[in-house]
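# Structural overview for review
This is what each chain is made of:
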Number of protein chains: 2
Amino acid sequence: MADVRVIEVKRSIFEDNDADANRLREELKQEKTFLLNLMSSPGAGKTTTLKRTIAELKNEMKIGIMEADIDSDVDARAILETGARTIQIHTGGMCHLDADMTRQGIREFGTSDLDLVVLENVGNLVCPAEFDTGSTKNAMILSVPEGDDKPLKYPLMFTICDVVLINKCDTLCVFDDFDKEAVVERIHKLNPKAEVIFVSAKTGEGFDAWVDWLRKEVTEYQQGLA
Amino acid sequence: MADVRVIEVKRSIFEDNDADANRLREELKQEKTFLLNLMSSPGAGKTTTLKRTIAELKNEMKIGIMEADIDSDVDARAILETGARTIQIHTGGMCHLDADMTRQGIREFGTSDLDLVVLENVGNLVCPAEFDTGSTKNAMILSVPEGDDKPLKYPLMFTICDVVLINKCDTLCVFDDFDKEAVVERIHKLNPKAEVIFVSAKTGEGFDAWVDWLRKEVTEYQQGLA
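Residues numbered from 1 in each chain as written. Chains lettered and ligands numbered in written order. Predicted model: local features only at pLDDT ≥ 70, side-chain atom pairs only at ≥ 80, totals over all residues. Heavy atoms only, no water.

### Points about helix H1 (residues 17–30) of chain B
Residue and element names in this part refer to chain B. Put simply, the rule is: A helix here means a DSSP run of H or I that spans at least four residues, while a strand means a run of E at least two residues long, and both kinds are numbered starting from the N terminus. Take the residue count of a helix, subtract one, and multiply by 1.5 Å to get its expected span. Relative accessibility under 20% of the residue-type maximum defines a buried residue, over 50% an exposed one, and the middle range a partly exposed one, all with a 1.4 Å probe and only protein chains included. This arc is taken over the directions from the axis of the helix to the C-beta atoms. The contact rule is simple, with two residues in contact once any of their heavy atoms fall within 4.5 Å. In the analysis that follows, any N or O atom pair within 3.5 Å is treated as a polar contact, provided that within protein one partner can donate a hydrogen and the other can accept it, and provided that, for residues neighboring in sequence, both atoms belong to side chains.
Compared with the 20 Å implied by 1.5 Å per residue over 14 residues, the 20 Å span of H1 between its first and last C-alpha is a close match. The set of residues buried in H1 consists of Asn17, Asp20, Ala21, Leu24 and Leu28. Projection of H1 onto a plane perpendicular to its axis shows the buried side chains occupying an angular sector of 105 degrees, all on one side. Elements that come into contact with the buried residues of H1 comprise strand E2 (34–40), helix H4 (99–109) and helix H8 (207–225). Residue Asp16 occupies the N-cap position of H1, its side-chain oxygen lying 3.3 Å from the main-chain nitrogen of Asp18. Following H1 by one or two positions, Lys32 has its phi on the positive side, about 55 degrees.

Shown next as C-alpha cells:
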C-alpha cells in the first residue's frame, strides 16, 4: 500500500479567524469545491461513516478526504483502502483546526479538481465547534453509546452543525435507554434547522437519507456557482 | 431534590500551571484530601462509574464530587441522587480545567473534611491531558464503543494516567472487533506503569478490582501523611 502523505500544519497567524474563514470559503467557490467539516467525539465513527459514504458517491463525484489528527495516520490508511485521495494533517497537539490550518491542508492536498472534500476534524466536541474552518457546511456524528444527553452538555457543537448523524443505531438493542425522540428534541431546541439522520455506518441503515442530503447539498452548491 | 450548587470558574492568572499544580497538591496534603482527576471522551461513562464507585465506598470514606462541564448540571443532579456531596463547576466554554480553576472549585466546595474528592473533568481526550490539575492521581475511562485504536490517536491522555478503566465491557457482544489484548498492549507501550482494568459501570463487572485500586491509593496516601 502506498504511504500516507502527512503534513504538519502550523498555528494560524491571523487574529480574525471568522474573516479568514470567509476568505477560504470564497477561494473554494472559485474552484467549485464543496468542503464538509465533519466533527464528533473520539470513536463516534467518523472514518467508518466516510468509508461507506465514499463507496456510495465515488462514481458520481470526485472526493478527497483530509484526516486531521494529533498523531498517527490510522484513519488516512483506512481511507486509502477505499481508493479515495487522502492526506493526513497533523495538528501538532492542537485540539482543533482553524481556517488557516485548513487552508494549509487544502493547498498542500490540491483540491481544485475535486467536487467534495471532507475534513475529518480532531475527535473533540468542544474546541472544533469554536473555530470556523471555512467549510461550506458543518456535519457532526453523535453515536448512540455516548447517550442522548450530549446536546445538553455540548450545546455549541449542535448549534453550529447543518446536519447531525446519530450513528451506531445497530446498537440500540444494548443501549436501550437512548431516547431517539428526546435527542431530536434537544438538538432542535438548540438548532431548529439541523437535519437529524439516524444511521449505522456498520450496517448501512439510514445511509440513503444521508447520502441524499450530501448529494443535494453538493449539487446545489455547484449549480449556484455555475 | 435540593438544587445543585453551580460555580463559574475563571481562567487561571498563573503562567506556570505546573508549579501551581504542585502548590495545590501540597495544599491538599495539608488537609489529607486525595484528589482524583477523572477524564474521558464525552459519553464514556464517567458519571455512571462514579455513582457505582460512591455506592461501594461511601461507608468507608467521605467522598465529594466536583462535576466540571461547559454547560448544564445534568451530571451533578445524577450524583446528588447518591447522597454524595457534589458541586457543579462551569468552565465558561473552556475545554479543560487547569490547577487554579481546580483550586477555585476546591475552595468553594470546602473539602477539608473529605477523604476523596473526584474531579469529573470536561469530556475531551485532548486538552485536559495537557493541564496538570494538581490531582493526586489521574484516571481515565475508555469505553469499548470508542474502539481499541484510541491510544494510538490520543497518546498523551494515556501517557499521563495512573489507571485506565475500559468501560462498557457488557457491550463487547456487539462491538466484537474490540481487541482487549491490543488495547492493553497499546496503553502499556505508552505508559508501562498504567493499571488497566476492564469494567462495566452498568453491570458492576470488574468493579472489585477498580474499587480495590482506589481504596489502596487513598489509604496509602493518607497513611504516608500520618
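### Some remarks on helix H2 (residues 46–57) of chain A
Residues and elements named next belong to chain A. Its 12 residues place the ends of H2 16 Å apart at the C-alpha level, agreeing with the 16 Å of an ideal helix rising 1.5 Å per residue. For H2, the set of buried residues is Lys46, Thr47, Thr49, Leu50, Thr53, Ile54 and Leu57. Buried residues along H2 cover an arc of 150 degrees about the axis, so they all sit on one side.

### Considerations on the packing of aromatic side chains
All names here are of chain A. The condition that has to hold: Between rings of Phe, Tyr and Trp, where Trp is taken as its six-membered ring, a pair exists when centres lie within 6.5 Å; planes separated by under 30 degrees are stacked, by over 60 edge-to-face, and by other angles tilted.
A full pass over the atoms with the stated rule returns 4 aromatic pairs over all chains. Here the aromatic rings of Phe34 and Tyr221 are separated by 5.4 Å at their centres, their planes lie at 90 degrees, and the arrangement is edge-to-face. Pair noted here: Phe34 is in strand E2 (residues 34–40) and Tyr221 is in helix H8 (residues 207–225), with a separation of 187 residues, a long-range link. Its relative accessible area of 1% is what places Phe34 among the buried residues. Ring geometry for Trp210 and Trp213: centres 5.9 Å apart, planes at 15 degrees, overall stacked. Here the residue Trp210 and the residue Trp213 both occupy positions in helix H8, the gap between them amounting to 3 residues, near one helical turn.

### What to know about the sheet that holds E2(B)
Residue and element names in this part refer to chain B. Quick note on the threshold: Any two strands with at least two DSSP bridges between them are considered paired. Structural elements are reduced to axes, namely lines fitted to C-alpha atoms, with helices fitted over the stretch in contact, and the angle between N-to-C directions of any two is expressed from 0 to 180 degrees.
In space, the 8 strands of this open sheet follow the order E1-E4-E3-E5-E2-E6-E7-E8, with parallel pairing throughout. Because the sheet does not close on itself, it has two edges, and the strands there are strand E1 (6–8) and strand E8 (195–198). Averaged over all pairs of adjacent strands, the angle between their axes in this sheet comes to 20 degrees, without regard to strand direction. As defined by bridge partners, E1 adjoins strand E4 (residues 85–90) across 3 bridges and the pair is classed as parallel. When the bridges of E4 are listed, Ile7 appears paired with Ile89. Against the sheet, H4 engages E1, E2, strand E3 (63–69), E4 and strand E5 (116–120), with an angle of about 135 degrees to E3. Contacting E2, E5, strand E6 (137–143), strand E7 (163–167) and E8, H8 runs over the sheet at an angle of about 145 degrees to E2.

### With respect to the packing of helix H1 (residues 17–30) of chain A against helix H4 (residues 99–109) of chain A
All names here are of chain A. We apply this condition: Roughly parallel here means an angle under 35 degrees, roughly antiparallel means over 145, roughly perpendicular means 65 to 115, and every remaining angle is called oblique. Three classes are used, and their members are as follows: Ala, Val, Leu, Ile, Met, Phe, Trp, Tyr, Cys and Pro are nonpolar, Asp, Glu, Lys and Arg are charged, and the others, Gly among them, are polar.
Orientation of H1 relative to H4, taken along the N-to-C sense of each, is 25 degrees, at an axis distance of 9 Å. It follows from the interaxial angle that H1 and H4 lie roughly parallel. Residues Asn17, Asp20, Ala21, Arg23, Leu24, Glu27 and Leu28 of H1 touch H4, and the partners they reach there are Ala99, Asp100, Thr102, Arg103, Ile106 and Arg107. Each residue belonging to the contact of H1 with H4 can be placed in one class, and the counts come to 5 nonpolar, 2 polar and 6 charged.

### Brief notes about the relation of the copies chain B and chain A
The criterion, for reference: To superpose the copies, least squares is applied to the C-alpha atoms of every residue with a pLDDT of at least 70 in both.
If you rotate chain B by 180 degrees and push it 0.0 Å along the axis, it lands on chain A with an RMSD of 0.0 Å. Accordingly, the operation relating the two chain copies is best matched by a two-fold axis. Here 100% of the contact residues of chain B are again contact residues in chain A; the copies associate through an equivalent surface.

### Observations concerning the confidence of the model for chain A
Here is the rule: In predicted models, pLDDT denotes the confidence assigned by the predictor to each residue on a 0 to 100 scale.
Across chain A, the average pLDDT comes to 93, with 97% of residues at 70 or higher. Reported confidences for the modelled complex are a pTM of 0.93 and an ipTM of 0.89.

### A few points about the interface of chain B and chain A
To keep it simple, the criterion reads: Buried area counts how much accessible surface, traced with a 1.4 Å probe, disappears from two parts once they are put together, with both parts' losses summed. Take a side-chain nitrogen of Lys or Arg and a carboxyl oxygen of Asp or Glu: if they are within 4 Å of each other, that pair is a salt bridge.
Contacts between the two partners involve 33 residues from chain B and, on the opposite side, 33 residues from chain A. When the two sides are added together, the surface that chain B and chain A hide from each other amounts to roughly 2400 Å², 60% of it contributed by carbon and sulfur. The three residues of chain B that bury the most area against chain A are Pro42(B), Lys153(B) and Val174(B), which together make up 22% of that side's buried surface. Summed over the shared surface of chain B and chain A, the result is 2 salt bridges. The closest approach of N and O atoms between Lys153(B) and Asp75(A), which form a salt bridge, is 2.8 Å. Our count for the chain B to chain A interface comes out at 8 residue pairs in polar contact (both at pLDDT 80 or more). Elements that contribute at least two residues to the side of chain B that touches chain A include exactly helix H3 (74–80) and helix H5 (150–153) of chain B. Of all the elements, H5(B) adds the most residues to the side of chain B that touches chain A, at 3 residues. When its residues are assigned to classes, the side of chain B that touches chain A shows 15 nonpolar, 7 polar and 11 charged.

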